[in-house]
Amino acid sequence: MRFFLVWECFDDKFNLIEKGYHFLLVENPDDIDIDVSEFVEDMSNARNVNPQYFVVTTCQPMPQSEQ
């Protein structure tokens, strides 16, 4: 299943540095919290910021397309 994430990244004074979106593909929707936390960890490491300052503001499941 695919989820649409919107995220924001802040500095240590909570000034907005960057914002964006990502389509996250997960195998088990029941484990979405684990997959999102791994995404946050990876993105905060890539930006060299504390994970507490990288915030997912939206996590929306995408509609399934019929094939």
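**Q** Would you mind showing me how to read the sheet that holds strand 2 (residues 16-25) here?
**A** Whether parallel or antiparallel, the strands of a sheet pair through hydrogen bonds between backbone atoms. Sheet architecture is open: three strands sit in the order 2-1-3, paired in antiparallel fashion. At either end of the open sheet lies a strand with only one pairing partner, and these are strand 2 and strand 3 (54-61). Averaged over all neighbouring strand pairs, the angle between strand axes comes to 15°, with direction disregarded. The strands that helix 1 (residues 32-47) touches are strand 1 (2-10), strand 2 and strand 3; relative to strand 3, the one it contacts most, it runs at about 140°.

**Q** Just to check I follow, could you spell out the side chain of Glu-8 for this structure?
**A** As for its placement among the helices and strands, Glu-8 is situated in strand 1. Of the side chains with opposite charge, Lys-19 lies nearest to the buried Glu-8, which makes no salt bridge, at 4.1 Å. Residues in contact with Glu-8, not counting those within four places in the same chain, are Leu-16, Glu-18, Lys-19, Tyr-53, Phe-54, Val-55 and Thr-57.

**Q** Got a minute to help me understand the pairing of strand 2 in this structure?
**A** Along a regular strand, successive side chains alternate from one face of the sheet to the other. In terms of strand pairing, strand 1 meets strand 2 through nine bridges, oriented antiparallel. Counted as the bridge partner of Glu-8 is Lys-19 from strand 2. A loop of five residues connects strand 1 with strand 2, the two strands running antiparallel in sequence, and Phe-14 in this loop sits at a positive phi of about 60°.

**Q** Quick question: what am I supposed to make of the nonpolar core here?
**A** Within soluble globular proteins, side chains that are nonpolar tend to cluster in buried spots. Among the nonpolar cores identified, the biggest contains 13 residues, and Trp-7, Leu-24, Ile-32, Val-36, Phe-39 and Phe-54 are the most heavily contacted of them. Per-element accounting of this core gives the leading share, five residues, to helix 1.

**Q** Just to check I follow, could you spell out the pattern of salt bridges for this structure?
**A** Note that side chains of opposite charge can pair when their charged atoms are close. Tallied over the full model, the rule gives one salt bridge. Between Glu-18 and Arg-47 there is a salt bridge, and its shortest N-O distance comes to 2.9 Å. Of the two residues, Glu-18 sits in strand 2 while Arg-47 sits in helix 1, which places them 29 residues apart along the sequence. For Glu-18, a relative accessible area of 31% corresponds to the partly exposed category.

**Q** What's the story with the environment of Leu-5 in this structure? I'm lost.
**A** Looking at the secondary structure, you find Leu-5 in strand 1. Looking at Leu-5, the relative accessible area reads 0%, which means it is buried. In this structure, the C-alpha to C-alpha distance between Leu-5 and Gln-60, residues 55 residues apart in sequence, is 6.5 Å. If sequence neighbours within four positions are ignored, Leu-5 has contacts with Gly-20, Tyr-21, His-22, Leu-24, Val-36, Phe-39, Val-56, Thr-58 and Cys-59.

Scoring rules and cut-offs
Residues numbered from 1 in each chain as written. Predicted model: local features only at pLDDT ≥ 70, side-chain atom pairs only at ≥ 80, totals over all residues. Heavy atoms only, no water. Pairing = 2+ DSSP bridges. Helix = DSSP H or I, 4+ residues; strand = E, 2+ residues; numbered from the N terminus. Axes fitted to C-alpha atoms, helices over the stretch in contact; angles between N-to-C directions. Contact = heavy atoms within 4.5 Å. Buried < 20%, exposed > 50% of the residue type's maximum accessible area, 1.4 Å probe, protein only. Lys, Arg positive; Asp, Glu negative; His and termini not counted. Salt bridge = Lys/Arg side-chain N within 4 Å of Asp/Glu carboxyl O. Core = buried A, V, L, I, M, F, W, Y, C linked by side-chain atoms within 4.5 Å.

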